[in-house]
Amino acid sequence: MTAYFRILADSPAEVVFSGANFDEMLTYPPFFEKYIMPYLQNLSSLLHEKGKLLLCHCDGENQGLLNLLAESGMDIAEAICPQPMTKCTIPEIKKAFKDKVTIFGGVPSVALEEESMTDEEFEIFMRRLFKEIAPGYRFILGVADTVPANAKFSRIKRIGEMVNEWGTLLGA
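What you see is a predicted model, and the numbers here were worked out from it, not measured in a lab.

About the cut-offs
- Within each chain, residues carry numbers counting from 1 in the order of the written sequence.
- Since the coordinates come from a predicted model, pLDDT governs what is reported: local features require at least 70, and pairs of side-chain atoms require 80 or more to be given and counted, while whole-chain, interface and lining totals use all residues.
- The side-chain quantities take in all heavy atoms of the structure and omit both hydrogens and water.
- Helix and strand assignments come from DSSP, with helices taken as H or I runs of at least 4 residues and strands as E runs of at least 2, each series counted from the N terminus.
- The globule rule used here is 2.2 Å times the number of residues to the 0.38 power, and the radius of gyration it is set against is calculated over C-alpha atoms.
- Buried, partly exposed and exposed residues are distinguished by accessible area as a fraction of the type maximum, computed with a 1.4 Å probe on protein chains only: under 20%, between the cut-offs, and over 50%, respectively.
- Any two residues whose heavy atoms approach within 4.5 Å are treated as being in contact.
- All accessible-area figures derive from a Shrake-Rupley calculation using a 1.4 Å probe, and residue coverage is judged against the displayed protein chains alone.
- In this charge count, Lys and Arg are treated as positive and Asp and Glu as negative; neither His nor the chain ends contribute.
- Each charge is placed at NZ for Lys, CZ for Arg, CG for Asp and CD for Glu.
- Here the bend at each residue means the angle between axes fitted to two seven-residue stretches, the one ending at that residue and the one beginning there.
- Cavity and pocket criteria rest on a 1 Å grid covering protein atoms alone: a 1.4 Å probe that fits but cannot get out defines a cavity, protein on both sides within 12 Å along at least 5 of 7 lines defines an open pocket, and an atom within 4 Å of a point defines a lining residue.
- Grid points are joined across faces, edges and corners, and a volume is the space filled by probe spheres set on the points.
- Classification of ring pairs rests on two measures: the distance between centres of Phe, Tyr or Trp rings, Trp counted by its six-membered ring, which must be within 6.5 Å, and the angle between planes, read as stacked under 30 degrees, edge-to-face over 60 and tilted in between.
- The pairing criterion for strands is at least two bridges between them, as found by DSSP.
- When the strands point away from the viewer and the connection leading from the first strand across the helix to the second strand turns clockwise, the crossover is called right-handed.

Visitor: Could you give me a rundown of the overall build of the protein, with the residues and numbers involved?
Guide: Helix and strand counts for the protein stand at six helices and five strands. Relative to its length of 172 residues, the protein is compact, with a C-alpha radius of gyration of 17 Å against a globular reference of 16 Å. Scored against the burial criterion, the 172 residues of the protein give a buried share of 45%. Taking as baseline every contact in the protein between residues at least 6 positions apart, the subset at least 24 positions apart corresponds to 74%. For the protein, the exposed area adds up to about 9200 Å²; of that, 57% sits on carbon and sulfur atoms. The centroid of the 17 positive side-chain charges in the protein is displaced by 5 Å from the centroid of its 24 negative side-chain charges.

Visitor: Tell me about unusual backbone geometry, residues and numbers included.
Guide: The residue after Q83, namely P84, is reached through a cis peptide bond having omega 10 degrees. Of note, P84 is situated in the loop between strand 3 (76-80) and helix 4 (90-97). Look at the link from A134 to P135: it is a cis peptide, with omega at 10 degrees. Note that P135 resides in the loop between helix 5 (119-133) and strand 5 (139-144). Although it is not a glycine, A79 sits at a positive phi angle of roughly 70 degrees. Examined against the element boundaries, A79 turns out to sit in strand 3.

Visitor: Which residues make up helix 2 (residues 29-49), and what values do they have?
Guide: Where helix 2 bends most, at I36, the angle is about 45 degrees, and the proline P38 comes one to four residues later. Among all positions of helix 2, only F32, I36, M37, L40, L43, S44, L46 and L47 are buried. Contacts from the buried residues of helix 2 go to helix 1 (3-10), strand 1 (15-17), strand 2 (53-57) and helix 3 (66-71). The first or second residue beyond helix 2 is G51, which carries a positive phi of 75 degrees.

Visitor: If you had to explain empty space enclosed by the protein to someone new, which residues and values would you point to?
Guide: Under the defined criterion, the tally for this structure stands at one cavity of 30 Å³ or more. The computed volume of the largest cavity comes to approximately 50 Å³. Along its surface, the largest cavity is lined by C58, D59, G60, N62, L66, I80, C81, C88 and I93.

Visitor: Give a detailed account of the packing of aromatic side chains, specifying residues and quantitative values.
Guide: Going through the model one piece at a time under the given rule, you end up with six aromatic pairs. Note on F5 and Y39: the rings are 5.8 Å apart at their centroids and 65 degrees apart in plane angle, and the pair reads as edge-to-face. With F5 in helix 1 and Y39 in helix 2, this residue pair connects regions lying 34 residues apart in the sequence. Members of the aromatic cluster, connected to one another through ring pairs, are Y4, F5 and Y39.

Visitor: A description of the environment of F5 should follow, citing residues and the corresponding values.
Guide: Taking the relative accessible area as the measure of exposure, F5 reaches 10% and is therefore buried. For the pair F5 and S18, spaced 13 residues apart in sequence, the C-alpha to C-alpha distance is 10.0 Å. Contact partners of F5, with chain neighbours within four places excluded, come to S18, Y39, L43 and L46.

Visitor: Summarise the pairing of strand 3; cite the residues concerned and give the values.
Guide: Extensive coverage of strand 3 is indicated by the burial of five of its five residues. The pairing of strand 2 with strand 3 spans three bridges and is classified as parallel. Counted as the bridge partner of L55 is I76 from strand 3. Each parallel crossover has a hand, and for strand 3 linked through helix 4 to strand 4 (residues 102-108) it is right-handed.

Listed below in structure tokens is the structure:
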């Protein structure tokens with residue numbers, strides 16, 4: 001590990017962000033397993049020794065990488081983007097991560113665009129998403145990657161309302 005990572009591990013940060021834009025086409029599984037996974041495992045071990053978490057940006061098409069991501073040592077997979085933008089479903093991701101990795105994301109940015117979904121389709125999508133993420137352990141709801149410039153603001157507000165209405169961690 002470089003001195004830079006030791007400095008991060010000794011810093012007051014609680015979470016360290018390293019590793020980004022994983023995608024099964026660019027960081028294809030054999031490449032990820034040989035070159036990226038050992039790096040993440042070493043970094044996460046160093047961070048875990050200091051009581052810190054590793055967060056990685058995982059917004060790509062990751063269906064072929066899910067099991068490797070789960071074994072990588074990362075604690076949080078940020079910008080997780082499910083169907084319809086990728087092949088992955090939230091239940092598939094949860095199953096692969098086996099409560100080892102926290103999912104951060106879940107709302108594909110296209111869900112916020114009128115051109116991609118009607119209001120009724122958006123409502124159905126979000127209600128299904130809340131059912132899929134229940135009881136809510138190891139899940140941080142967020143828009144996967146970015147809120148598009150043409151997002152329908154009322155949908156962003158609606159997500160806030162849904163969180164207030166259904167966002168309580170079940171069993172807590």
